[in-house]
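Residues per chain, in single letters:
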Amino acid sequence: MVRLLVTGSPGVGKTTIAIELSKIYNAPLIDVDEVIKPLLRWDDRLQTNYIIDETKARDLIMRKLSNLELFIIDTTAVNLIDRSLVDWCIVLRLNPIQLMQRLLMRGWPRCKVIENVLAEIVGSSLSMAIDTFGKDRIIEVDTTNKGVGEVVRYIVDHVSNGIPNVGVVDWFDTLNTDLLISLSEEMDKCLT
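Rules used throughout
- Residues numbered from 1 in each chain as written.
- Predicted model: local features only at pLDDT ≥ 70, side-chain atom pairs only at ≥ 80, totals over all residues.
- Heavy atoms only, no water.
- Helix = DSSP H or I, 4+ residues; strand = E, 2+ residues; numbered from the N terminus.
- Expected span 1.5 Å × (residues − 1).
- Buried < 20%, exposed > 50% of the residue type's maximum accessible area, 1.4 Å probe, protein only.
- Arc of directions from axis to C-beta.
- Polar contact = N/O pair within 3.5 Å; in protein donor to acceptor, adjacent residues only side chain to side chain.
- Lys, Arg positive; Asp, Glu negative; His and termini not counted.
- Salt bridge = Lys/Arg side-chain N within 4 Å of Asp/Glu carboxyl O.
- Contact = heavy atoms within 4.5 Å.
- Pairing = 2+ DSSP bridges.
- Disulfide = S-S within 2.5 Å.
- Core = buried A, V, L, I, M, F, W, Y, C linked by side-chain atoms within 4.5 Å.

Here we look at helix 8 (residues 177–191)
In a regular helix each residue adds 1.5 Å, so 15 residues correspond to 21 Å; helix 8 covers 21 Å between its end C-alpha atoms and thus fits that length. Within the sequence span of helix 8, burial applies to Leu-180, Leu-183 and Met-187. The buried residues of helix 8 occupy an angular sector of 65° when the element is viewed end-on, so they sit on one face. Of the exposed residues in helix 8, the ones pointing more than 90 degrees away from its buried face are Thr-177, Asp-178 and Lys-189. Residue Asn-176 occupies the N-cap position of helix 8, its side-chain oxygen lying 2.5 Å from the main-chain nitrogen of Asp-178.

Encoded structure:
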C-alpha cells in the first residue's frame, strides 16, 4: 500500500512525476483541483483560483480518499489533505532560474511567474508540507537537470527504504543577491 502526495511550486514537474509514480505503483492519480472543482472560483486580479469553503474542500477530499488503499495525489494544496491520508509527501524543487524560464515559456503573466519563483526560493511548498505532515514523512527532491526516470527512481528508493529527506535544497546559497533584490523589487511593483 502506498499513498503519496506530490507537491511543489507550479512548474517543477509535479504532474509528470505523479503520472509516472501512478504507473509504477499501479495507483490511481488524484487531481485535487478536480475533486474540489465545485468550490473553486477564479480571481482575475490574482490570476488564480481560490477555494470558497476550505472546510467543505477538506470534506470532499476526505470522502474521495478515505476508501482508497493506494493513490498518488498531485496538488499544491497540501493544507487541504488530512495527515492521516498520506504516507509520504514528495516535495519537488527546481532551480528558480529554470523555473522562471519554464513558466515564462508557458506564457504565464510576469507577476505570477515572479510570485511563484519567490515562493520556490523561500521553500513555501516544503514549509507547508512540513507543517502538515511533519519532517518524518517528507521526501524533498531537487529536480534540477534531472530526467523524469532519475527523479522517480530517487523517490521510489526513499519510499521503499522508508527514508525521509528534508533539507536538500537551499537556493539562497546558489543565487546571486542582486537577482534576489531584483525579484523582490519586481514583486513590489506587481503588488501596487
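The discussion continues.
Examining the side chain of Lys-14
With respect to the element layout, Lys-14 can be found in helix 1 (residues 14–25). Summary of buried charges: Lys-14 has no salt-bridge partner, and the nearest side chain of opposite charge, Asp-74, is 5.2 Å away. There is a polar contact of 3.3 Å between the side chain of Lys-14 and the backbone oxygen of Gly-8. Here the side chain of Lys-14 touches Ser-9 through a polar contact of 3.2 Å, landing on its backbone oxygen. The residues contacting Lys-14, other than those within four sequence positions of it, are Val-6, Thr-7, Gly-8, Ser-9, Asp-74, Thr-75, Thr-76 and Leu-92.

Overview of the pairing of strand 6 (residues 88–93)
Side chains on a regular strand alternate between the two faces of the sheet. Most of strand 6 sits out of view: six of its six residues are buried. Neither face of strand 6 is left uncovered, since the one carrying Trp-88, Ile-90 and Leu-92 and the one carrying Cys-89, Val-91 and Arg-93 both have all their residues buried. The pairing of strand 1 (residues 3–8) with strand 6 spans five bridges and is parallel. Bridge pairing in strand 6 links Leu-5 to Cys-89. Where strand 6 meets strand 7 (residues 138–142), five bridges bridge the pair, whose relative direction is parallel. Across the sheet, residue Ile-90 finds its bridge partner in strand 7, namely Ile-139.

So, the state of the cysteines
By the definition in use, this model includes one disulfide. The partner cysteine of Cys-111 in its disulfide is Cys-190, sulfur to sulfur 2.1 Å. On the sign convention where negative is left-handed, the bridge of Cys-111 and Cys-190, at about -85° about the S-S bond, is left-handed. With Cys-111 in helix 5 (residues 110–122) and Cys-190 in helix 8, this residue pair connects regions lying 79 residues apart in the sequence. Exposure remark for Cys-190: the relative accessible area of 22% places this residue in the partly exposed category.

Comments concerning the nonpolar core
In terms of nonpolar packing, the biggest core is built from 34 residues, with Leu-21, Tyr-25, Ile-90, Leu-92, Ile-155 and Val-159 touching the most fellow members. Of all the secondary structure elements, the ones that give two or more residues to this core are strand 1, helix 1, strand 6, helix 4 (96–105), helix 5, strand 7, helix 7 (148–161) and helix 8. The leading source of residues in this core is helix 7, at five residues. One finds Leu-40, Phe-71, Ala-129 and Ile-138 within the second-largest nonpolar core, a separate group that totals 24 residues.

A word on the pattern of salt bridges
Counting across every chain of the model gives nine salt bridges. Ionic pairing is found between Arg-3 and Asp-87, a salt bridge with its closest N-O pair at 3.0 Å. Pair noted here: Arg-3 is in strand 1 and Asp-87 is in the loop between strand 5 (71–74) and strand 6, with a separation of 84 residues, a long-range link. Classification of Asp-87 by relative accessible area gives partly exposed; the value is 21%. One salt bridge in this structure joins Arg-93 and Glu-120, with 2.8 Å as the shortest N-O distance. Within this pair, whereas Arg-93 is found in strand 6, its partner Glu-120 is found in helix 5, the two being separated by 27 residues in sequence. For the pair formed by Arg-93 and Glu-120, the shared burial category is buried. One continuous salt-bridge network, built from bridges that share partners, spans Arg-93, Glu-120 and Glu-140.

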